[in-house]
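Below, each chain spelled out in residue letters.
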Amino acid sequence: MKPRAGLGAVFSRTALTLYVIVMLIWLLFPIVLVLLASFQGKLEVDFSLAGLNLEAYKAIPPAYWQAFWFTVRAAVSATALAIVIAVPAAWAMVRGRLRGRRVLSNVVLIPDVVPQLIMGIALLTVFIPLHLSNNFAGILLALVALSLSTGLRFSEALLEGLPEEYEQAALSLGASRLKSFLLVTIPLIAPGIAIAALFIFMQNLVTFELLFFVAGPNATPISVRLFSDIVDRGVIPYAVAMAGILVYVAMAFYTLVAVTLGPKYMAGSVMSRKG
Amino acid sequence: MADTTSQSVTIRGVEKNFGSFKAVTDFNLEVAAGEFVTFLGPSGCGKSTTLKMLSGLLPQDKGEILFGERRIDMLPANQRNVGLVFQNYALFPHMTVAENIAFGLSMRRWSKPRKQQRVAELLSLVRLEGLENRKPEQLSGGQQQRVAVARALAFNPDLVLLDEPLSNLDAKLREQVRLDLRDIQKHARQTTVFVTHDQVEALVMSDRIVLMNAGRIEQIGTPVELYAAPLTEFGARFVGANNLVPATLHGDASDPRAIVDGVDGTLALTSMSEQLNEGAGAPIWLCVRPEHIFLTAYETMPAGGEVRQFNARVVDKVYQGTSVLIDLEVEKLGRVRAERPTMAAAELQAGQQTSIAFSSCHAVPRRR
């Protein structure tokens with residue numbers, strides 16, 4: 001094979017490599033820039049390693065950490081709730097062969113398609129009379145609303161990809177529907193569900209527009225806090241450092257999932273599990 | 001092997017429609033305890049639908065199903081005590097071999113020592129000792145298949161259903177597993193229904209075969225009956241590649257004879273089936289198996305019966321090891337297939353003229 005590779009093949013391989021590199025730079029450049037800025041304590045980054053320091057990180061005020069942990073709590077709870085609601089619902093939709101199921105699965109996507117800005121305004125008008133704005137419960141509900149469509153979409157795809165024979169086999173062996181769901185279905189889609197949870201969590205951690213409307217001084221997610229500080233005082237170094245921390249959290253979670261589940265699950269191969 | 005609780009199975013007037021499509025109509029069958037019955041038929045004939053109804057995964061529209069004296073057709077799948085082996089085995093990939101086999105036992109709340117003992121029994125029955133801690137993906141196709149069988153047998157089911165369990169195996173393995181499966185079933189004296197579209201599998205494995213076509217039973221009989229005396233044209237064509245020679249019935253019941261259409265003289269019919277009670281003049285098929293078509297230019301026919309000889313042209317010759325398949329264009333008969341020992345047909349070439357013959361004792365009359 002190798003000696004036969006002509007000039008054309010070499011050229012196209014080089015072009016392909018270049019293409020991938022350009023794409024990676026395009027994707028990673030802004031992130032790298034933020035990280036550099038956070039270590040240099042200024043926005044006009046240079047590419048010298050001499051000026052690296054942790055000053056900006058040390059300067060992060062307690063209010064930021066408060067907002068950060070508040071967001072983590074809300075994001076984790078919302079993710080857990082969304083998964084607990086979405087998986088059984090998706091199971092009912094897929095295995096129950098509900099009438100008009102196609103319509104239904106598209107309807108649940110609407111929150112994903114409608115701009116979050118509009119969702120936020122809508123939630124605010126509902127939340128104010130219910131006293132749900134400016135508190136943890138309100139933030140949590142807003143995040144659950146946002147997470148459900150992702151959760152449903154993931155679970156639906158996972159269950160569609162799981163041959164029904166596994167559940168039928170469990171039934172024929174004497175398992176109740178609940179037992180077959182808990183002992184067979186859940187363990188088999190668990191890796192996929194973990195990835196879904198990861199994506200939902202990360203989305204919840206950094207979502208901004210939606211929360212901007214229902215947040216308040218008593219309930220400030222980190223994204224809203226960063227936004228209002230930057231609007232008020234310009235791009236301050238410790239805000240950039242906080243942004244850096246969000247990037248680390250994202251990378252840590254992604255790595256965690258990759259390591260615990262193995263790289264084969266990262267490419268979505270759970271969908272095509274061998275029958 | 002431990003005592004079995006295997007039951008007889010009675011199916012009465014079972015029917016299933018999908019919209020206006022009649023998947024299964026008027027299905028009646030008695031399966032004796034310990035019997036191995038095969039549903040044989042082309043895809044879409046309703047055999048898998050019937051199997052699903054027996055398992056409880058699909059409710060029937062009409063009719064009743066009994067295990068022994070007990071009516072079970074209103075029970076859901078998980079209360080029927082039926083062992084089911086899927087075409088793709090459906091072994092739980094997140095469980096070990098032992099956990100897979102013990103699943104049905106756990107659902108029945110067997111004690112741990114009892115479970116362990118039963119799993120060990122089954123592992124030795126399907127000859128997989130030492131593999132109990134493997135995951136299904138670490139097993140070969142044949143081994144996975146045996147785990148699936150062990151899992152279905154473990155809880156002493158009233159009935160075991162096998163849904164084309166050999167179709168995912170390669171040809172060589174299939175032959176061996178076929179016999180293994182038969183062996184295991186005999187050993188366990190387990191009432192079994194097997195579904196296949198492969199007539200060889202059906203003939204090799206079954207006590208009785210239920211031949212199905214278009215949602216109906218065409219014939220129920222032993223493999224020998226089905227092969228040697230197909231009741232219908234469908235049966236004759238589907239089981240073994242029969243040659244069907246158009247003929248007309250002649251003579252009476254004391255001396256049944258047939259006239260091959262377009263050929264002078266009558267042929268004595270030695271095997272007159274009871275089902276064929278048409279009178280003289282009725283159009284019939286004479287079924288002649290490929291292995292009973294002789295090449296008169298190269299071999300001498302064994303004595304017996306009246307022989308009819310025809311001129312033929314060789315259309316194609318397919319080598320398959322110990323035998324060859326020969327497609328012939330035969331004067332007055334049309335397309336005929338012969339299967340001869342490779343030695344007998346060594347000199348035969350495609351395109352050449354030759355002569356063939358069959359004996360009346362190999363011509364089985366069927367309704368046309």
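The structure contained in this document is the topic of the report that follows.

### Some words on the environment of V235(A)
All names here are of chain A.
Piece 1. Its place among the elements puts V235 in the loop between helix 11 (222-233) and helix 12 (237-261).
Piece 2. It is 46 Å that separates the C-alpha atoms of V235 and I186, two residues lying 49 residues apart in sequence.
Piece 3. Among residues more than four places away in sequence, those in contact with V235 are L43, I230 and V240.

### Considering a nonpolar patch on the surface
All names here are of chain A.
Piece 1. A contiguous nonpolar patch, built from L16, Y19, V20, M23, L24, W26, L27, L28, I31 and V32 and spanning about 1,000 Å² of accessible area, is present on the exposed surface.
Piece 2. Along the polypeptide, L16 turns up in helix 1 (residues 7-40).
Piece 3. Looking at L16, the relative accessible area reads 54%, which means it is exposed.

### Quick look at helix 3 (residues 112-125) of chain B
Residue and element names in this part refer to chain B.
Piece 1. End to end, helix 3 covers 20 Å across 14 residues, agreeing with the expected 20 Å (1.5 Å per residue, within 8%).
Piece 2. Those residues of helix 3 that fall on the buried side of the exposure criterion are K115, R118, V119, L122, L123 and L125. Buried residues in helix 3, looked at end-on, bunch into an arc of 155°, giving them a common side. Turned more than 90 degrees from where helix 3 packs its buried face, P113, Q116 and Q117 sit exposed.
Piece 3. Turning to helix 3, the residues buried within the fold contact helix 2 (97-107), helix 4 (141-153) and helix 5 (171-188).
Piece 4. Looking one or two residues past helix 3, R127 carries a phi angle of roughly 55°, positive in sign.

### Digging into the sheet that holds strand 6 (residues 82-85) of chain B
In a beta sheet, neighbouring strands pair by backbone hydrogen bonds and run either parallel or antiparallel.
Residue and element names in this part refer to chain B.
Piece 1. The sheet built from 6 strands is open, its strands ordered 6-7-8-3-9-10 with mixed pairing. In this open sheet, the two strands that pair with only one neighbour each are strand 6 and strand 10 (216-221). Averaged over all pairs of adjacent strands, the angle between their axes in this sheet comes to 20°, without regard to strand direction.
Piece 2. In terms of strand pairing, strand 3 (residues 36-40) meets strand 9 (residues 208-213) through 4 bridges, oriented parallel. Of the residues in strand 9, the one forming a bridge with L40 is L211.
Piece 3. The strands touched by helix 1 (residues 47-55) are strand 3, strand 6, strand 7 (159-163), strand 8 (192-196) and strand 9; relative to strand 7, the strand with the most contacts, the crossing angle is about 150°.

### Quick look at the pattern of salt bridges
Piece 1. One pass over the structure, following the stated rule, counts 18 salt bridges over all chains.
Piece 2. E160(A) is the salt-bridge partner of R102(A), the closest N and O atoms lying 4.0 Å from each other. On the criterion of sequence distance, the pair formed by R102(A) in helix 4 (residues 101-107) and E160(A) in helix 7 (residues 136-161) is long-range, its members being 58 residues apart.
Piece 3. Residue classification places R102(A) among the exposed positions, given a relative accessible area of 55%.
Piece 4. Across the pair R118(B) and E121(B) runs a salt bridge whose closest N-O atoms are separated by 2.8 Å. Of this pair, R118(B) and E121(B) both sit in helix 3, 3 residues apart, which is roughly one turn of the helix.
Piece 5. We classify E121(B) as partly exposed; its relative accessible area is 26%.
Piece 6. One network of salt bridges, with partners in common, ties together R12(B), E64(B), R71(B) and D73(B).

### A look at unusual backbone geometry
Piece 1. If you check the backbone angles, N134(A) has positive phi at about 60° while not being a glycine.
Piece 2. Relative to the elements of secondary structure, N134(A) occurs in the loop between helix 6 (116-130) and helix 7.
Piece 3. One non-glycine residue with positive phi stands out, namely R189(B), at about 45°.
Piece 4. Relative to the assigned elements, R189(B) resides in the loop between helix 5 and strand 8.

### Quick notes on the interface of chain B and chain A
Piece 1. Facing the 20 residues of chain B at the interface are 19 residues of chain A.
Piece 2. Carbon and sulfur atoms supply 67% of the area buried between chain B and chain A, which totals about 1,800 Å² over both sides.
Piece 3. Of all residues in chain B, the largest losses of buried area upon contact with chain A belong to N78(B), H94(B) and M107(B), amounting jointly to 28% of the total for that side.
Piece 4. Summed over the shared surface of chain B and chain A, the result is 0 salt bridges.
Piece 5. Every element with two or more residues in the side of chain B that touches chain A is listed here: strand 6 and helix 2 of chain B.

### Notes on the nonpolar core
General note: in soluble globular proteins, nonpolar side chains tend to be found buried as a group.
Residues and elements named next belong to chain B.
Piece 1. Ranked by size, the top nonpolar core spans 89 residues in total, and within it F27, F39, L54, F92, I101 and F103 carry the most contacts.
Piece 2. Those residues in contact with L54 that sit more than four places away from it in its chain are V9, I11, F39, I65, F67, R80, V82, L159, L161 and V193.
Piece 3. If you look at the next biggest cluster of nonpolar residues, it comprises 29 residues, including V260, V263, V314 and V336.

### Describing the sheet that holds strand 11 (residues 243-250) of chain B
Residue and element names in this part refer to chain B.
Piece 1. What the 5 strands build is an open sheet, ordered 13-12-11-14-20; its pairing is antiparallel. Looking at strand neighbours, the two that pair on one side only are strand 13 (267-268) and strand 20 (364-367), the edges of this open sheet.
Piece 2. Pairing of strand 11 with strand 12 (residues 257-260), which is carried by 4 bridges, proceeds in the antiparallel orientation. Residue pairing in the sheet places H250 in a bridge with R257 of strand 12.

### Describing the packing of aromatic side chains
Residue and element names in this part refer to chain A.
Piece 1. Inspection of every chain in the model, using the stated rule, returns 18 aromatic pairs over all chains.
Piece 2. Both rings, one in W91 and one in F181, keep their centres 5.8 Å apart while their planes meet at 70°; by these two values the pair is edge-to-face. In this pair, W91 is assigned in helix 3 (residues 62-95) and F181 in helix 9 (residues 177-206), connecting sequence segments 90 residues apart. Both residues of the pair, W91 and F181, count as buried.
Piece 3. Centroid distance F208 to F227: 4.6 Å. Interplanar angle 50°. Geometry classified as tilted. Note that F208 is positioned in the loop between helix 9 and helix 10 (209-214) and F227 in helix 11, a separation of 19 residues in sequence.

### Some words on the pairing of strand 8 of chain B
All names here are of chain B.
Piece 1. Among the 5 residues that make up strand 8, 5 are buried, leaving the element largely enclosed by the rest of the structure.
Piece 2. Neither face of strand 8 is left uncovered, since the one carrying T192, F194 and T196 and the one carrying V193 and V195 both have all their residues buried.
Piece 3. Of the strand pairs in this sheet, strand 3 and strand 8 are connected by 5 bridges, and their pairing is parallel. Considered in strand 8, the bridge of F36 is made with T192.
Piece 4. Of the pairings in the sheet, the one linking strand 7 to strand 8 comprises 4 bridges and is parallel in character. Paired with L161 across the two strands is V193, which belongs to strand 8.
Piece 5. One crossover worth recording links strand 7 to the parallel strand 8 by way of helix 5, and it is right-handed.

### Some thoughts on the packing of helix 6 of chain A against helix 7 of chain A
Residues and elements named next belong to chain A.
Piece 1. Contact pair helix 6 / helix 7: the axes reach a minimum separation of 11 Å and the direction vectors enclose 135°. Considered as vectors, helix 6 and helix 7 are oriented oblique to each other. As for the relative orientation of helix 6 and helix 7, their crossing is right-handed in sense. Packed against helix 6, whose contacting residues are Q116, L123 and F127, the element helix 7 presents G138, L141, A142 and L146 at the interface.
Piece 2. Residue composition of the contact of helix 6 with helix 7, grouped by class: 5 nonpolar, 2 polar and no charged.

Thresholds applied
Residues numbered from 1 in each chain as written. Chains lettered and ligands numbered in written order. Predicted model: local features only at pLDDT ≥ 70, side-chain atom pairs only at ≥ 80, totals over all residues. Heavy atoms only, no water. Helix = DSSP H or I, 4+ residues; strand = E, 2+ residues; numbered from the N terminus. Contact = heavy atoms within 4.5 Å. Patch = residues over 30% accessible without salt bridge, like charges linked within 9 Å, V, L, I, M, F, W, Y side chains within 5 Å. Areas by Shrake-Rupley, 256 points an atom, 1.4 Å probe, with all protein chains shown as cover. Salt bridge = Lys/Arg side-chain N within 4 Å of Asp/Glu carboxyl O. Buried < 20%, exposed > 50% of the residue type's maximum accessible area, 1.4 Å probe, protein only. Expected span 1.5 Å × (residues − 1). Arc of directions from axis to C-beta. Pairing = 2+ DSSP bridges. Axes fitted to C-alpha atoms, helices over the stretch in contact; angles between N-to-C directions. Buried area = accessible area lost by both parts, 1.4 Å probe. Core = buried A, V, L, I, M, F, W, Y, C linked by side-chain atoms within 4.5 Å. Phe/Tyr/Trp six-rings, centres within 6.5 Å; stacked < 30°, edge-to-face > 60°. Right-handed = clockwise from strand over helix to strand, strands pointing away. Parallel < 35°, antiparallel > 145°, perpendicular 65-115°, else oblique. Left-handed = near helix turned anticlockwise from the far one by under 90°. Nonpolar A, V, L, I, M, F, W, Y, C, P; charged D, E, K, R; others polar.

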